[in-house]
Amino acid sequence: MSPPPQLRRTDKMMADARALETLARGYCGRIATVGPDGWPYCVPLLYVWEDGEVLVHNAAARGHFRANVDHDRRVCFEIDEPGEVFDYGRFECDTSVAFRSVIVFGAIRVVEDDDAKRRFFDALMAKYGTRSDRPKHFYPRLDQITLYAIKPERITGKETPLPDIAEQWPAKDRTKSPNVKP
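The notes below deal with the structure included here.

### Regarding the overall build of the protein
So, point 1. Regarding its fold elements, the protein presents 3 helices and 7 strands.
So, point 2. When its helices and strands are written in sequence order, the protein yields α-β-β-β-β-α-β-β-α-β.
So, point 3. Along the first, second and third principal axes, the C-alpha set of the protein runs to 65 × 45 × 25 Å.
So, point 4. Taking all 182 residues of the protein together, the buried fraction comes to 36%.
So, point 5. A sequence separation of at least 24 residues applies to 74% of the contacts in the protein between residues at least 6 apart.
So, point 6. A total accessible area of about 11400 Å² is found for the protein, and carbon and sulfur atoms account for 54% of it.

### Side note on the pairing of strand β6 (residues 95–111)
So, point 1. Of the pairings in the sheet, the one linking strand β5 (residues 74–87) to β6 comprises 12 bridges and is antiparallel in character. Across the sheet, Val75 pairs through a bridge with Gly106, a residue of β6.

### Considerations on the packing of aromatic side chains
So, point 1. By the definition in use, this model includes 5 aromatic pairs.
So, point 2. Relative to Phe121, the ring of Phe120 has its centre 5.0 Å away and its plane inclined at 65°; by these criteria the two rings are edge-to-face. The residues Phe120 and Phe121 share a single accessibility class, namely buried.
So, point 3. Put simply, the rings of Phe120, Phe121 and Tyr139 touch in pairs and so form one group of aromatic residues.

### With respect to helix α1 (residues 16–25)
Residues spaced three or four apart along an α-helix point in a common direction, a consequence of the helix completing one turn every 3.6 residues.
So, point 1. Looking only at α1, the buried set comprises Ala19, Thr22 and Leu23. Relative to the axis of α1, the buried residues are bounded by an arc of 100° and lie together on one face.
So, point 2. Against β3 (48–50), β4 (53–59), β5, β6 and β7 (145–160) lie the buried residues of α1.

### Re unusual backbone geometry
So, point 1. Here the bond from Trp169 into Pro170 is cis, since omega is 10°, no more than 30 degrees from zero.
So, point 2. As for its position among the elements, Pro170 is in the segment after β7.
So, point 3. One non-glycine residue with positive phi stands out, namely Asp51, at about 50°.
So, point 4. Structurally, Asp51 can be placed in the loop between β3 and β4.

Scoring rules and cut-offs
- Residues numbered from 1 in each chain as written.
- Predicted model: local features only at pLDDT ≥ 70, side-chain atom pairs only at ≥ 80, totals over all residues.
- Heavy atoms only, no water.
- Helix = DSSP H or I, 4+ residues; strand = E, 2+ residues; numbered from the N terminus.
- Buried < 20%, exposed > 50% of the residue type's maximum accessible area, 1.4 Å probe, protein only.
- Contact = heavy atoms within 4.5 Å.
- Areas by Shrake-Rupley, 256 points an atom, 1.4 Å probe, with all protein chains shown as cover.
- Pairing = 2+ DSSP bridges.
- Phe/Tyr/Trp six-rings, centres within 6.5 Å; stacked < 30°, edge-to-face > 60°.
- Arc of directions from axis to C-beta.

Written as structure tokens, this is what we have:
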């Protein structure tokens, strides 16, 4: 496999520990694959970060996602936490957004083991469950799902924190267009 691309905006880079913490608590991820026809495909999925891998599941029926995974094990998994939009300069285009994002580049594999599937669903329900009094740890349709594990080759995190009001326009002008008058 070729190495994942390098991070261009190193000024926005998150520390590794912060990227992993953001990944662990993220809500929904998007996984991107490429099919035999060369077309990319991206799908949102709930996920669990556990034992150094991203775990996701899907129907056992073979569809677009599984066909792509069977074609090429390389995937990209992304999560983000959007924040507030803010002005930093005197022109309308001098606008940005506070955010955090983490991207995992890695190889995906199918996990066949039913005990691993049960552990995954226990972790998934601990993360997303409704805390009701319904029966716990009962997964009668394990044979109807496919569990996937993404082993990271590279994890990058980027963020733009929301600047203090004193650092936002009009208190501070950070217009990016040089020598342009309104």
